[in-house]
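# Observations on the model geometry
This is what each chain is made of:
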Amino acid sequence: MCGLAGCLFVLMFASVNAVIALVCGAITSFLMILALSSSDWLLAMGWRQGLFEHCIEKGAPTPLPFEVEANYGCYPARNKPYIMGAAGLCVICLLLSCLATILTGLGLHATDTSIKSRYYRAAVWVMTLALIAVLVALILYPVFFAQELELGNREVWEFGWAYGVGWGAAIFLFGGVVLLLCDQEEEEIYYKERTIIHAENDSRA
C-alpha cells in the first residue's frame, strides 16, 4: 500500500505518460502529412514515386519505368491497386491518429475517473487501429512493388525519406499505445490506494 505522497507521485507519473502519448499522437499526425504529401517513396534515376503522384525529372533516361510515356514533371499516381491501397491506409492512419490525439487530450482534461478511463481506453484502440493501418501499408507497398520490378527499367531502386517517415510514424504510434496502457494501470493503482486510505481515515475517525 502506498502513502499519500506515494500515490500522488503515481498520479503525476501517469499524467506524464498521457502527456507524452498526446505528443506522440501529434507527431504521428505531422509525420503522416509529410509522408502523404511527398513523392519520395520510391526513387530511381530520373524517377520519383509517391502515393498520389509520380515525378519525372528533366533529362530522365528512357524508356521510363513501368511503360510510362510522358515529359518531365509530376503526374497523378499510376492506377495500381497497391499504390491506391497504401494511400488509403495511410489516410486512415492520419485520421485515426488525429482522433486518438483528441481523445487523449480529452482524457487529460477530464476530472472524473471513469470518464478519463473511457477516453484513454478509446484512444488506445484508435491508436492501435492506426498502427495496424500504417504497418499494413508499409509492408504491402514494397512487396507488391517487387512484383512489377521487371517493368522498372532501372537497375537501382531505393526507398526515399517519405517511406522512412512512415516507419517513424509507426514507432511513435506504438510508443503512444504503450504509454496510454501504462497510464491506465498507474491511475487505477492510484485511485484504488486513495480509496483504501480514505476508508482507513474514516475508520479511525
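Quantities reported herein were computed from a predicted structural model and do not represent experimental measurements.

### Focus: the sheet that holds strand E4 (residues 73-76)
The five strands are arranged E4-E3-E2-E1-E5 in an open sheet whose pairing can be described as antiparallel. Looking at which strands have only one partner, the edges of the open sheet turn out to be E4 and strand E5 (158-159). Strand direction decides the pairing type here: strand E1 (residues 42-44) and strand E2 (residues 47-49), joined by three bridges, are antiparallel. Of the residues in E2, the one forming a bridge with Leu43 is Arg48.

### Examining the pattern of salt bridges
One pass over the full model with this rule turns up two salt bridges. Ionic pairing is found between Asp40 and Arg48, a salt bridge with its closest N-O pair at 3.4 Å. Note that Arg78 and Glu148 form a salt bridge whose closest N and O atoms lie 2.8 Å from each other. Remark: Glu148 occurs in the loop between helix H3 (113-147) and E5 and Arg78 occurs in the loop between E4 and helix H2 (81-109); sequence separation between them is 70 residues.

### Looking at the state of the cysteines
Taken as a whole and judged by the stated rule, the model has one disulfide. Shown here is the disulfide that connects Cys55 with Cys74, its sulfur atoms set 2.0 Å apart. As the torsion about the S-S bond is roughly 105°, the Cys55-Cys74 disulfide counts as right-handed. Residue Cys55 is found in strand E3 (residues 53-56), and its partner Cys74 is found in strand E4; the two are separated by 19 residues along the sequence. Cys55 gets classed as buried once you look at its relative accessible area, which sits at 1%. Look at Cys74 and you get partly exposed, because its relative accessible area is 43%. With no disulfide of its own, Cys98 has Cys93 as its nearest cysteine by sulfur position, at a separation of 9.2 Å. The exposure class of Cys98 is partly exposed, given its relative accessible area of 32%.

### A look at the packing of H2 against H3
Following both chains from N to C, one finds H2 and H3 inclined at 160°, their axes separated by 8 Å at the closest point. Judged on the interaxial angle alone, H3 and H2 are roughly antiparallel. Where H2 crosses over H3, the handedness of that crossing is left-handed. Per-class residue counts for the contact of H2 with H3 are 28 nonpolar, three polar and one charged.

Procedures and definitions
Residues numbered from 1 in each chain as written. Predicted model: local features only at pLDDT ≥ 70, side-chain atom pairs only at ≥ 80, totals over all residues. Heavy atoms only, no water. Pairing = 2+ DSSP bridges. Helix = DSSP H or I, 4+ residues; strand = E, 2+ residues; numbered from the N terminus. Salt bridge = Lys/Arg side-chain N within 4 Å of Asp/Glu carboxyl O. Disulfide = S-S within 2.5 Å. Buried < 20%, exposed > 50% of the residue type's maximum accessible area, 1.4 Å probe, protein only. Axes fitted to C-alpha atoms, helices over the stretch in contact; angles between N-to-C directions. Parallel < 35°, antiparallel > 145°, perpendicular 65-115°, else oblique. Left-handed = near helix turned anticlockwise from the far one by under 90°. Nonpolar A, V, L, I, M, F, W, Y, C, P; charged D, E, K, R; others polar.

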